Amino acid sequence: MSSKRSKTNYPGVYSREHDSRRHRGKPDICYDICYRLPGDRKLIWEKVGWASEKFSAAIAANVRAERIKQARIGKLPTEAAKLSLDQVFERFRTDYLEVSRKRPKDAVCIYRHRISPLLGDLPLGQISPVEVDRLKKSLAHLSAQSVKHTLTLLGQIFRQAQRWGLYEGEIPTTHVKTPQADNRRLRFLTRDEAGRLLEALAARSTDLWRMALLSLYTGMRAGEIFQLRWEHVNFTEGTLAILDGKGEQSRVAHMTRQVREMLEALPDKKRGHLVFPQLGTNTRRVSVSALFRTVTNSLGLNDGIPDRRDWIVFHSLRHTFASWLVQAGVPLYT
């Protein structure tokens, strides 16, 4: 990537071209800004973003103006003003997430992969709605629900920083419009589609086939399958105890013949051990293997379907379970 910066028509805004990356048939352009804080002769350089990420010289100029404004009107104590978002998040993780959340790893994953790369090095006082909008644009490839989770987490970090006296002023996510997510899935598998999917999964990964079969015939979510332990499996009663399900409600799932036979065939049914751990360990999985998408694509289950909400994903197995029960005359509430 080229390090040579060129002036733009906006004061303090520079551009530089990438040596190999292309955007719309031309070299991709990165926009940088430079400015000085009041009473400080040191020139600060900051990368704003790439043209391929929908940034422009005008947007960079707005970021620069916001930086200077924040520096002039900032009322934070000197030491607190120097704390970066990454530094504040570390305290947020240890003193808040790990104390008050059941699944802190999910929030940590969202922060480290989506928020930190763009905003982690910035002091809290320099993160304005302009930066939050920049973050939102960088997540355009994700679902509306994922973007909403990300912005919500960022707002929580700032609110907790306020309670700790590390931040004063308005929460920068307040005036950034959050995408309204509608992730409701209406499509479910036919008996033929389900049979073909299970057969294809069994040919590629016995482990993934087992989890898919369990979801299809019990309605269990992926996260509930990942945390299932052998003491939750009752072969005498033919039930599975699902603890701390979504909404923190525990419930019982009933084994079908297929589920019972699959579970009985598994080895090492030791109390305290996960039924479906990471292969070769006894640690909890965090996501469904990408092989599931590979198999559904190879079967053409999502061909010609423009709305992603109607694509077959692992959660579709749970929806299929419920839909089949309704077709069989089971009341919807049940």
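Structure: above.
Quantities reported herein were computed from a predicted structural model and do not represent experimental measurements. (Residues numbered from 1 in each chain as written. Predicted model: local features only at pLDDT ≥ 70, side-chain atom pairs only at ≥ 80, totals over all residues. Heavy atoms only, no water.)

Caption draft 1: Broad picture of the overall build of the protein chain. For the protein chain, the count of helices and strands is 12 helices and seven strands. In terms of its C-alpha atoms, the protein chain occupies a principal-axis envelope of roughly 75 × 50 × 40 Å. Here the protein chain, with 334 residues, has 40% of them falling under the buried criterion. In the protein chain, of all internal contacts separated by at least 6 residues, the share reaching a separation of at least 24 is 57%. Per element, the accessible surface of the protein chain, about 19300 Å² overall, is 49% carbon and sulfur. Across the protein chain, the centroid of the 56 positively charged side chains sits 3 Å from that of the 35 negatively charged ones. (Helix = DSSP H or I, 4+ residues; strand = E, 2+ residues; numbered from the N terminus. Buried < 20%, exposed > 50% of the residue type's maximum accessible area, 1.4 Å probe, protein only. Contact = heavy atoms within 4.5 Å. Areas by Shrake-Rupley, 256 points an atom, 1.4 Å probe, with all protein chains shown as cover. Lys, Arg positive; Asp, Glu negative; His and termini not counted. Charge placed at Lys NZ, Arg CZ, Asp CG, Glu CD.)

Caption draft 2: Highlighting the pattern of salt bridges. Counting across every chain of the model gives 14 salt bridges. In this structure, Asp-192 engages Arg-196 in a salt bridge whose closest nitrogen and oxygen atoms are separated by 3.4 Å. Of this pair, Asp-192 and Arg-196 both sit in helix α7 (residues 191-204), four residues apart, which is roughly one turn of that helix. A salt bridge links Glu-224 to Arg-221, with the shortest nitrogen-to-oxygen separation between them at 2.8 Å. A residue is classified by how much of its surface remains accessible, and Glu-224, at 4% relative accessible area, is buried. Among the ionic contacts, a cluster of salt bridges with common partners joins Arg-5, Arg-16 and Asp-32. (Salt bridge = Lys/Arg side-chain N within 4 Å of Asp/Glu carboxyl O.)

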